[in-house]
Amino acid sequence: MNQIRIVEHPLLKHSLSILRDKNTGTEDFCRHAVIVSQIIIIEATKHLPMHEKSVITPLSDTQGYSMEKSLVFIPVLRSGIAMLLTAKELFPWASAGFIGLERNESTAVAHEYYKKFPPGIQDKHILILDPMLATGGSLAYTISALKNKGTKDISAACIVAAPEGIKLLADKYPDVPIYTAAVDSYLNNEKCIVPGLGDFGDRYFGT
Ligand code: URA
């Protein structure tokens with residue numbers, strides 16, 4: 001089953017176009033990365049459970065809600081950090097785990113250099129943050145590491161996805177929904193997404 005969920009919003013399209021523009025500098029790139037991340041993360045968390053509670057307004061009692069505090073963000077280092085900052089602003093009580101993967105430039109195969117997940121992760125709702133879904137290797141590796149810890153409810157938030165990565169994930173992990181602002185055309189020989197937006201981490205961190 002294809003679990004790709006394309007998030008639609010005029011502001012998302014507007015800000016994504018600014019991210020794509022090669023003339024956008026680091027300052028504007030960061031600003032619009034925040035807007036794009038906010039919209040995608042809000043959409044990717046709309047299934048999370050809530051509790052009903054009563055609230056007393058200045059005028060009367062009414063029905064209110066509070067979210068179950070069971071959300072864990074897993075940014076894929078390094079570019080996932082960009083989305084984590086926004087995610088933590090929206091959900092400051094959520095915990096975070098980290099996975100550091102480095103792509104071998106010639107093979108594009110992901111190599112793990114760091115991993116730390118919070119305790120009790122198996123009963124939590126996991127949202128992986130990985131802005132660029134290219135080959136899908138990093139995301140597949142992260143999902144496998146989380147499933148090895150017994151997690152069952154995993155979603156991923158990306159900004160741009162390539163058909164090659166989407167297919168890999170649909171074949172290997174059809175139970176994991178992937179939220180993205182765009183599905184682009186293809187991967188070039190360097191495994192960069194075309195048209196894409198270039199190297200997300202380099203543009204966000206100004207490297
Ligand atoms: N990672 C990026 O930052 N950009 C791509 O095009 C592919 C992977």
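This one's a predicted model, so the numbers in the text were calculated from it and none came from an experiment. (Residues numbered from 1 in each chain as written. Predicted model: local features only at pLDDT ≥ 70, side-chain atom pairs only at ≥ 80, totals over all residues. Heavy atoms only, no water.)

## A look at the overall build of the chain
(1) Moving on: Of regular secondary structure, the chain possesses six helices and 15 strands.
(2) Moving on: On the principal axes, the C-alpha backbone points of the chain span a range of 60 × 40 × 30 Å.
(3) Moving on: Within the chain, contacts between residues separated by at least 24 positions form 64% of all contacts whose residues are at least 6 apart in sequence.
(4) Moving on: When the accessible surface of the chain is totalled, it reaches about 10,700 Å², and 54% of it is carbon and sulfur.
(5) Moving on: For the chain, the distance from the average site of its 21 positive side-chain charges to the average site of its 22 negative ones is 3 Å. (Helix = DSSP H or I, 4+ residues; strand = E, 2+ residues; numbered from the N terminus. Contact = heavy atoms within 4.5 Å. Areas by Shrake-Rupley, 256 points an atom, 1.4 Å probe, with all protein chains shown as cover. Lys, Arg positive; Asp, Glu negative; His and termini not counted. Charge placed at Lys NZ, Arg CZ, Asp CG, Glu CD.)

## Some thoughts on the site of the ligand
(1) Moving on: The environment of the ligand is made up of M132, A134, K191, C192, I193, G198, D199 and F200.
(2) Moving on: A distance of 2.8 Å separates a nitrogen atom of the ligand from a polar atom in the backbone of G198.
(3) Moving on: Residue composition of the shell around the ligand, by class: five nonpolar, one polar and two charged. (Near = heavy atom within 4 Å. Polar contact = N/O pair within 3.5 Å; in protein donor to acceptor, adjacent residues only side chain to side chain. Nonpolar A, V, L, I, M, F, W, Y, C, P; charged D, E, K, R; others polar.)

## Observations regarding the pairing of strand β3 (residues 61-67)
(1) Moving on: Of the strand pairs in this sheet, strand β2 (residues 50-56) and β3 are connected by seven bridges, and their pairing is antiparallel. The residue bridging V55 from the neighbouring strand is T62, located in β3.
(2) Moving on: Counted along the chain from β2 to the antiparallel partner β3, the turn is four residues long. (Pairing = 2+ DSSP bridges.)

## Observations regarding the sheet that holds strand β9 (residues 132-133)
(1) Moving on: Taking strand neighbours across the sheet as the criterion, the three strands line up as β9-β11-β13 in an open arrangement whose pairing is parallel. Sheet topology places β9 and β13 (182-183) at the edges, where each strand pairs with a single neighbour.
(2) Moving on: Direction of pairing for β9 relative to strand β11 (residues 160-161): parallel, over a ladder of two bridges. Opposite L133, over in β11, you have A161 as the bridge partner.

## Considering the packing of helix α4 (residues 137-148) against helix α5 (residues 163-172)
(1) Moving on: At their nearest, the axes of α4 and α5 sit 9 Å apart, and the two run at 25° to each other. Overall, the two elements α4 and α5 adopt an arrangement that is roughly parallel. Crossing of α4 against α5: the hand is right-handed. In this structure, α4 uses G137, L139, A140 and I143 to contact α5, whose residues at the interface are L168, L169 and K172.
(2) Moving on: Here the contact of α4 with α5 is built from residues that sort into five nonpolar, one polar and one charged. (Axes fitted to C-alpha atoms, helices over the stretch in contact; angles between N-to-C directions. Parallel < 35°, antiparallel > 145°, perpendicular 65-115°, else oblique. Left-handed = near helix turned anticlockwise from the far one by under 90°.)

## Observations concerning the packing of aromatic side chains
(1) Moving on: Evaluated as defined, the whole model comprises five aromatic pairs.
(2) Moving on: Aromatic side chains Y204 and F205 sit 4.9 Å apart centroid to centroid with 80° between the ring planes, which places their arrangement in the edge-to-face category.
(3) Moving on: According to the relative accessible area criterion, Y204 is buried, its value standing at 11%.
(4) Moving on: Classification of F205 by relative accessible area gives partly exposed; the value is 36%.
(5) Moving on: An aromatic cluster is present here, built from F29, F200, Y204 and F205 joined pairwise through their rings. (Phe/Tyr/Trp six-rings, centres within 6.5 Å; stacked < 30°, edge-to-face > 60°. Buried < 20%, exposed > 50% of the residue type's maximum accessible area, 1.4 Å probe, protein only.)

## Let's talk about unusual backbone geometry
(1) Moving on: With omega at 5°, the peptide bond leading from L77 into R78 counts as cis.
(2) Moving on: Examined against the element boundaries, R78 turns out to sit in the loop between β4 (71-77) and α3 (80-90).
(3) Moving on: Cis peptide bonds are those with omega within 30 degrees of zero, and the linkage from V194 to P195 qualifies with 0°.
(4) Moving on: Along the chain, P195 falls in the loop between β15 (193-194) and α6 (200-205).
(5) Moving on: Positive phi, normally seen in glycine, also occurs at K191, with a value near 65°.
(6) Moving on: By the element assignment, K191 lies in the loop between β14 (186-187) and β15.

## Topic: the environment of I159
(1) Moving on: Mapped onto the fold, I159 is located in the loop between β10 (153-157) and β11.
(2) Moving on: Placed 21 residues apart in sequence, I159 and T180 show a C-alpha to C-alpha distance of 4.9 Å.

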